[in-house]
Amino acid sequence: MAFQKVCEASDIDEGESLRVEGPQGAIAIHHWEGQYYATQDRCTHDEWSLADGYLENGMIECTLHWAKFCLRTGKVKAPPACHALKIYPVRVNGNDVEVDVDAGHFAA
Amino acid sequence: MIETVAIIGSGLAGAAVATGLRSLGFDGGILLFGDEAHHAYDRPCLSKAALIEGHAEPMPLHPDGWLERNRITLIDEAPVTAFDAASRTLTIGTGQQFTADGIVFATGLRPRTLGVPGEELAGVQYLRTWADQLAMRDALHPGMRLAIVGGGLVGCEIATTARQLGAEVTIYEAADELVARVLGKVVGERCRRNLRSMGVDVRLNTTISAIEGDTAVRGVHSRDGMVDAVDRVLVSIGGVPADDLAAAAGIECHRGIIVDAQGRTSHENVFAVGDVANWPLRDGTRRSLETYLNAQMQAACVAAALVGQSQPAPQVPRGWTEIAGRKIQFVGDMAGHGSLIVRRREGETAHVAFLVGDGGELVAALAVDAPGEFASALRLVEGDLRPDIAQLADPEIALRAILKSTRTVENAG
């Protein structure tokens with residue numbers, strides 16, 4: 001359990017996402033309404049990066065088939081996805097965005 | 001006051017109405033009537049990944065426990081055989097009857113049949129269900145000869161998949177271009193070239209006059225006099241809304257169940273959703289949409305109407321397909337009227353095209369291998385926004401930036 005810097009806060013504009021590599025697979029860092037969220041990067045429906053997704057209403061939409069997931073919980077908000085995303089603890093330390101890259105988990 | 005809702009059809013549209021009802025706080029009974037062994041599974045992958053990857057089971061739309069958590073009673077031992085609109089009573093094949101306050105038809109489409117001699121032969125099939133997909137998978141192997149009648153989305157998707165699996169594939173299309181009705185002729189022509197370079201034999205302006213064989217299919221006769229030896233025939237000439245039950249009950253039907261922009265039929269508290277619904281479009285026309293996304297949007301609307309909320313939603317068609325290795329996404333009617341603006345960088349195949357109407361309105365958009373850009377394109381079209389056309393045509397200006405600035409300008413105006 002250790003937070004590590006994955007990017008700088010200014011690397012991700014409001015409403016955008018960034019893909020970073022992690023020990024459990026790629027992680028997407030999302031910047032939405034001033035907050036940072038971290039989810040697994042791969043959509044659970046098909047092979048596609050959620051960092052290439054579209055943020056709206058607190059959800060990340062996969063741009064391939066438009067499945068939606070809650071940024072905060074990773075839960076499915078629209079099919080064709082059936083399974084939730086893993087989420088990661090994230091915090092902002094100064095200008096650094098830090099993620100506990102070993103602690104990917106499913107929300108309760 | 002609606003206390004019990006019966007949904008006929010457990011595919012995406014029907015299941016989405018059930019989910020929508022619960023998310024709106026509906027606390028009454030939900031009866032979901034299905035007529036397949038599997039309920040609520042992903043159909044778009046049946047022509048693609050399910051065949052290529054050989055899925056052991058259909059991909060479910062919901063995780064285990066969805067029915068229980070949402071308190072949905074699934075009735076799938078027999079199909080619904082009769083509906084009485086006055087008493088809102090459904091009868092299933094076993095004779096058992098169910099009554100509900102609200103009825104939702106989500107019965108989908110049935111495949112359109114060819115109507116030629118020999119179509120009953122073994123080896124002639126459609127592709128709508130998991131069982132159809134299994135039959136196709138069993139038949140496809142390297143060197144087998146597959147005739148695909150109908151070069152629409154499903155026909156072209158299967159042609160792609162079958163070639164990848166080594167089959168010899170011929171598409172017979174009655175029109176003068178593939179997929180033109182949905183994607184327009186420009187994209188149709190490109191799909192045809194790409195399919196041909198994969199080794200698919202594409203025959204345009206060609207209809208089938210007969211299928212030949214003793215018990216199993218052996219060949220197809222086309223009206224231009226050709227006879228081709230084949231091992232299997234896929235008939236993919238579209239679908240017919242499964243509206244018989246509603247029509248028999250006196251509900252107004254014409255190419256589907258006629259509904260308003262909230263899914264209401266001609267009868268009070270009777271709704272229709274998804275492919276069976278002839279639903280109003282934003283451009284003033286109406287039809288059955290046959291797309292995954294529109295089925296979901298319609299389901300949200302119908303669920304709202306059932307709990308007494310009004311949120312009418314004239315539809316803008318939206319869909320995706322994968323043909324000859326290209327990911328194609330579209331919104332609006334690309335075969336409609338307007339001028340075409342193509343955003344493409346020199347030397348790249350990925351691009352986004354917009355169809356712009358005479359008044360500068362965005363009629364439709366289509367992306368090839370550009371899902372990230374398309375996310376903004378579809379919001380421009382669905383939002384009926386009017387971006388600067390010169391900017392739109394410039395591939396160096398990100399669509400996301402154009403969307404943002406157009407929204408800012410329109411909000412200020």
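That block above? That's the structure.
Everything numeric in this text was worked out from a predicted model, so none of it was measured. (Residues numbered from 1 in each chain as written. Chains lettered and ligands numbered in written order. Predicted model: local features only at pLDDT ≥ 70, side-chain atom pairs only at ≥ 80, totals over all residues.)

Visitor: Lay out the overall build of chain A with the relevant residues and their values.
Guide: Of regular secondary structure, chain A possesses 0 helices and 11 strands. Going residue by residue from the N terminus, the α and β elements of chain A occur as β-β-β-β-β-β-β-β-β-β-β. In terms of C-alpha radius of gyration, chain A reaches 12 Å, essentially the compact-globule figure of 13 Å for 108 residues. With the C-alpha coordinates aligned to their principal axes, the bounding extent of chain A is approximately 35 × 25 × 25 Å. Expressed as a percentage of contacts within chain A between residues at least 6 apart in sequence, the contacts between residues at least 24 apart total 39%. (Helix = DSSP H or I, 4+ residues; strand = E, 2+ residues; numbered from the N terminus. Rg over C-alpha atoms; globule rule 2.2 N^0.38 Å. Contact = placed C-beta atoms within 7 Å.)

Visitor: Before we move on, can you summarise the nonpolar core with the specific residues and values?
Guide: Residues and elements named next belong to chain B. Grouped together as the largest cluster of nonpolar side chains are 158 residues, with contacts concentrated most on Ile7, Val17, Val104, Val273 and Ala365. Element by element, the count of residues in this core is highest for helix 8 (residues 292-306), at 10 residues. Sequence-distant contacts of Ile7, that is, excluding residues within four places in its chain, are made with Gly14, Val17, Ala18, Ile30, Leu31, Leu32, Phe33, Val104 and Ala106. (Core = buried A, V, L, I, M, F, W, Y, C linked by C-beta atoms within 7 Å. Buried ≥ 20, exposed ≤ 12 C-beta atoms within 10 Å, placed from the backbone.)

Visitor: Describe the interface of chain B and chain A, listing the residues and the values that go with them.
Guide: Counting residues at the interface gives 14 residues for chain B, matched by 12 residues for chain A. Only helix 8 and helix 9 (371-382) of chain B provide two or more residues apiece to the side of chain B that touches chain A. Among the elements that make up the side of chain B that touches chain A, the one with the highest residue count is helix 9 of chain B (4 residues). When its residues are assigned to classes, the side of chain B that touches chain A shows 10 nonpolar, 3 polar and 1 charged. (Nonpolar A, V, L, I, M, F, W, Y, C, P; charged D, E, K, R; others polar.)

Visitor: Mind laying out the environment of B:Gly274, listing which residues take part and the relevant values?
Guide: Residues and elements named next belong to chain B. Relative to the assigned elements, Gly274 resides in the loop between strand 19 (270-272) and strand 20 (277-280). Overall, Gly274 belongs to the buried group, with 33 C-beta atoms counted inside 10 Å. Residues Gly274 and Leu12 lie 262 residues apart in sequence; the distance between their C-alpha atoms is 8.1 Å. Once residues lying within four places of it in the same chain are set aside, the contact partners of Gly274 are Gly11, Leu12, Ala13, Ala106, Gly108, Ala295 and Gln298.

Visitor: Quick rundown of the sheet that holds strand 9 (residues 87-88) of chain A? Include the residues and the values.
Guide: Residues and elements named next belong to chain A. Spatially, 2-3-4-9 is the arrangement adopted by the 4 strands of the open sheet, whose pairing is antiparallel. Every other strand in the sheet has two partners, leaving strand 2 (17-20) and strand 9 as the edge strands with one partner each. Bridge count between strand 2 and strand 3 (residues 27-32): 4 bridges; the pairing is antiparallel. Paired with Leu18 across the strands is Ile29, a residue of strand 3. (Pairing = 2+ DSSP bridges.)

Visitor: Which residues make up the sheet that holds strand 19 of chain B, and what are the values?
Guide: Residue and element names in this part refer to chain B. Read across the sheet, 5 strands follow the order 3-2-1-7-19 without closing on themselves; strand pairing throughout is parallel. Where the open sheet ends on each side, the last strands, each with one partner, are strand 3 (72-75) and strand 19. Strand-to-strand twist across the sheet, computed as the mean angle between neighbouring axes with direction ignored, equals 20°. (Axes fitted to C-alpha atoms, helices over the stretch in contact; angles between N-to-C directions.)

Visitor: So what's going on with unusual backbone geometry? Which residues, and what values?
Guide: Cis geometry marks the peptide bond from A:Pro79 to A:Pro80, where omega comes out at 15°. Topologically, A:Pro80 is positioned in the loop between strand 8 (76-78) and strand 9. A positive phi angle, close to 40°, is found at B:Val179, a residue other than glycine. Along the polypeptide, B:Val179 turns up in the loop between strand 11 (168-172) and helix 6 (180-197). Even without a glycine there, the phi angle at B:Asp384 is positive, about 55°. If you trace the backbone, B:Asp384 turns up in the loop between helix 9 and helix 10 (389-392). Residue B:Asp384 is classed as exposed on the basis of its 11 C-beta neighbours within 10 Å.

Visitor: So what about the packing of helix 1 (residues 12-23) of chain B against helix 8 of chain B? Which residues, and what values?
Guide: All names here are of chain B. With their axes 8 Å apart at the nearest point, helix 1 and helix 8 run at an angle of 40° to one another. What the angle tells us is that helix 1 and helix 8 run oblique. Two packed elements cross with a definite hand, and for helix 1 against helix 8 that hand is right-handed. For the pair helix 1 and helix 8, contact is made by Leu12, Ala13, Ala16, Val17, Gly20 and Leu21 and by Tyr292, Ala295, Gln296, Gln298, Ala299, Ala300, Val302, Ala303 and Leu306, respectively. For the contact of helix 1 with helix 8, the residue count by class is 12 nonpolar, 3 polar and no charged. (Parallel < 35°, antiparallel > 145°, perpendicular 65-115°, else oblique. Left-handed = near helix turned anticlockwise from the far one by under 90°.)

Visitor: Break down the packing of helix 9 of chain B against helix 11 (residues 399-412) of chain B for me, with residues and values.
Guide: Packed helices, taken two at a time, are described by the angle their axes make and the gap between the axes. All names here are of chain B. In the contact formed by helix 9 and helix 11, the axes pass within 8 Å of each other and the chain directions differ by 30°. Comparing the axis directions of helix 9 and helix 11 gives the class roughly parallel. Viewed along their axes, helix 9 and helix 11 form a crossing whose handedness is left-handed. Along the contact surface, helix 9 presents Glu373, Ser376, Ala377, Arg379 and Leu380, while helix 11 presents Leu399, Arg400, Leu403 and Thr406. Among the residues forming the contact of helix 9 with helix 11, the class breakdown is 4 nonpolar, 2 polar and 3 charged.

So, to be careful, I would describe these as geometric facts and stop short of saying anything about function.
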